[in-house]
Amino acid sequence: MVRHEINFSELWQKLPWKKLRRNLFRLQTRLFKAIRENDRVRARNLQKLILKSSAARLLSVRRVTQLNAGKRTPGVDGQKSLNFKQRFALAKRLLTANKWSHSKLREVQIPKKDGTTRTLKVPTMADRAWQCLVKYAIEPAHEALFHAKSYGFRPGRSAHDAQKVLFTNLSAHANGINKRILELDIEKCFDRINHSAIMERVIAPQAIKLGLWKCLKAGVNPEFPEQGTPQGGVVSPLLANIALNGIEDIHSSIRYADDMVFILKPNDNAEFILLRVEQFLAERGLKTKVSKTKLVRSIDGFDFLGWNFKVQNNGKFRCVPSEDNYRTFINKIKKIVKNSNIGAREKAEKLAPLVRGWRNYHKYCKMSGSKFSLWRTAYATFKRFNRKERKLDRYKTRELLLKAFPAVPYAENRFVNVKGDKSPYDGDTVYWSKRNSKLYTDFTSKCLKRQNQSCGYCGLKFMSDEKVQLHHIDGNHDNWTVQNLLAIHQSCHDYIHMGKTGKV
């Protein structure tokens, strides 16, 4: 009798991912609507369904092993990746999500720009999958309740939404020249947030609350056993958002995770607003950082989310990259350009995504006619390439330079805000797929329009939960004709190439 070994790679690839995504999304939209209708009993039952569903369990494992940026980061068990057999085993293990025992966290010190460090606490692969599963079950419930002016770590919202709100409130039409800005900095928010304050507000079955409690306790500082949510966990940003939700009601404000600014009119009492903020934070075990909490005039300018916002003396509003953001970016460029261990072509390949990403982030700022156009940086790079490599003439160097510094069109203050308190879980796939397609430019935008905002591989509409990538049909990455390109999900792109290599 001949035994045939199970091909787990093929089984994983052939799973009905399109159907699984639809099943999970359907449950999440039902949960969102139940909370909006204040039906907590139905919401609790739907959360239990999500936790038990094979769709949510398999998608959780896929997200932490394939899609997340830190997928190769090991926890205390040292495991950096899972093979396909282990992925199926983990999905089966998640059936016991209600009785989950959370492992300890691996601590990694991350340097901050002020010279200090912050501690990143990394869970194991299995714990990350459990946290992802729990997030699938509780995020839609809280999305139905979150404030419309909260933009950080939320599906369908971004820093550009916050940027646009500031433009709307500080433009000449809004009499921005007479307004003041209260910049608020919460001292060690993720390290000091009270566990009880989080658990009182989480909408989840009691067994999951107990699991989250264990998760919080796994990453505590011995000095503060009742405080802190571990930075590095999948569910940590959501828990912080849950605890801080409602601070926006104190006064007109914009919040991005634990960063926020209040917009004050001439007659608004800044001291009273700050007092109410401090009372709100004290209930959650937090306080403001005095050295970084300040009141400034709009004409003096202020930094927020990597941008500098300022109302000029003529009343015109301007937004440009902040000096810190620009300097950090330029230092990264210099580090690559001055690296003597790699050639100009490899340098250009490393520079391209860095420059494109920076320009995309700042594409709604004023970028022309200033140092932010990167003309001087590009020229210095040209001279170094041309001087250091004799095989390159000026024409070949110019080709490399165009590759290293890709152009990204900018449109000052032209970003379109998300409507009110809309959420991707509201089921309005037409609105969200069209909105998502507008976030891309050039080839991606053309493909999305041709494909009616649907993935060219699985046919599902593009939402905000996964990046859009371009696939070259003939495999030639130098062939950028529109007919040779497909806009597809990041995961779909993985599966196309997994079919060729057997790995992902």
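Everything quoted here is computed from the prediction, not taken from an experiment. (Residues numbered from 1 in each chain as written. Predicted model: local features only at pLDDT ≥ 70, side-chain atom pairs only at ≥ 80, totals over all residues. Heavy atoms only, no water.)

(A) The overall build of the protein chain, seen in detail. Across its full length, the protein chain holds 19 helices and 11 strands. Against the compact-globule benchmark of 23 Å for 504 residues, the protein chain has a radius of gyration of 24 Å, which places it among compact chains. Taking the principal axes of its C-alpha atoms as reference, the protein chain extends roughly 70 × 65 × 45 Å. Split into buried and exposed, the 504 residues of the protein chain put 49% on the buried side. Considering only contacts within the protein chain whose residues lie at least 6 apart along the sequence, 69% involve residues at least 24 apart. Just so you have it, the protein chain exposes about 25700 Å², and 51% of that area is on carbon and sulfur atoms. (Helix = DSSP H or I, 4+ residues; strand = E, 2+ residues; numbered from the N terminus. Rg over C-alpha atoms; globule rule 2.2 N^0.38 Å. Buried < 20%, exposed > 50% of the residue type's maximum accessible area, 1.4 Å probe, protein only. Contact = heavy atoms within 4.5 Å. Areas by Shrake-Rupley, 256 points an atom, 1.4 Å probe, with all protein chains shown as cover.)

(B) Seen up close, helix α6 (residues 125–143). Taking 1.5 Å as the rise per residue, α6 with 19 residues should run 27 Å; its terminal C-alpha atoms sit 26 Å apart, in good agreement. Along α6, the largest kink reaches about 30° and is centred on Y136; proline P140 follows within four residues of it. Burial analysis of α6 places 18 of its 19 residues in the buried class, the great majority of the element. (Expected span 1.5 Å × (residues − 1). Bend = angle between axes of the 7 residues up to and from the residue.)

(C) Representation of the state of the cysteines within the structure. If you walk through the whole model with that rule in mind, you get zero disulfides. With no disulfide of its own, C215 lies 13 Å from the sulfur of C132, the closest cysteine sulfur. In this structure C447 is a free cysteine whose sulfur lies 12 Å from that of C455, the closest cysteine sulfur available. (Disulfide = S-S within 2.5 Å.)

(D) Structural context of unusual backbone geometry. Of note, F153 is a non-glycine position whose phi angle comes to about 55°, a positive value. Looking at the secondary structure, you find F153 in the loop between α6 and α7 (159–170). A residue is classified by how much of its surface remains accessible, and F153, at 46% relative accessible area, is partly exposed. A positive phi angle, close to 70°, is found at L374, a residue other than glycine.

(E) Layout of the packing of aromatic side chains. Applying the stated criterion across every chain, the model contains 16 aromatic pairs. Ring geometry for F8 against F88: centres 6.0 Å apart, planes inclined by 50°, an arrangement best described as tilted. Of this pair, F8 sits in helix α1 (residues 8–13) while F88 sits in helix α5 (residues 84–93), and the two are 80 residues apart along the sequence. Its relative accessible area of 22% is what places F88 among the partly exposed residues. The structure contains a cluster of three or more aromatic residues connected by ring pairs, namely F167, F302, W307, F309, F317 and Y361. Lying over the aromatic face of W17, R62 brings its terminal NZ or CZ to 4.7 Å of the ring centre. (Phe/Tyr/Trp six-rings, centres within 6.5 Å; stacked < 30°, edge-to-face > 60°. Lys NZ or Arg CZ within 6 Å of the ring centre and 35° of its normal.)

(F) Inspection of the side chain of D185 at higher detail. You can see D185 is positioned in strand β3 (residues 180–185). One buried charged residue, D185, forms no salt bridge at all, with the nearest opposite charge on K292 at 5.0 Å. Each residue touching D185, except ones within four places of it in the same chain, is listed here: K287, T288, K289, K292 and T293. (Lys, Arg positive; Asp, Glu negative; His and termini not counted. Salt bridge = Lys/Arg side-chain N within 4 Å of Asp/Glu carboxyl O.)

(G) A look at the sheet that holds strand β9 (residues 317–321). One open sheet holds the three strands; their spatial order is β7-β8-β9, and the pairing between them is antiparallel. Pairing within the sheet leaves two strands with one partner each, and these edge strands are β7 (302–304) and β9. With strand direction ignored, the average angle separating the axes of adjacent strands in the sheet is 30°. (Pairing = 2+ DSSP bridges. Axes fitted to C-alpha atoms, helices over the stretch in contact; angles between N-to-C directions.)

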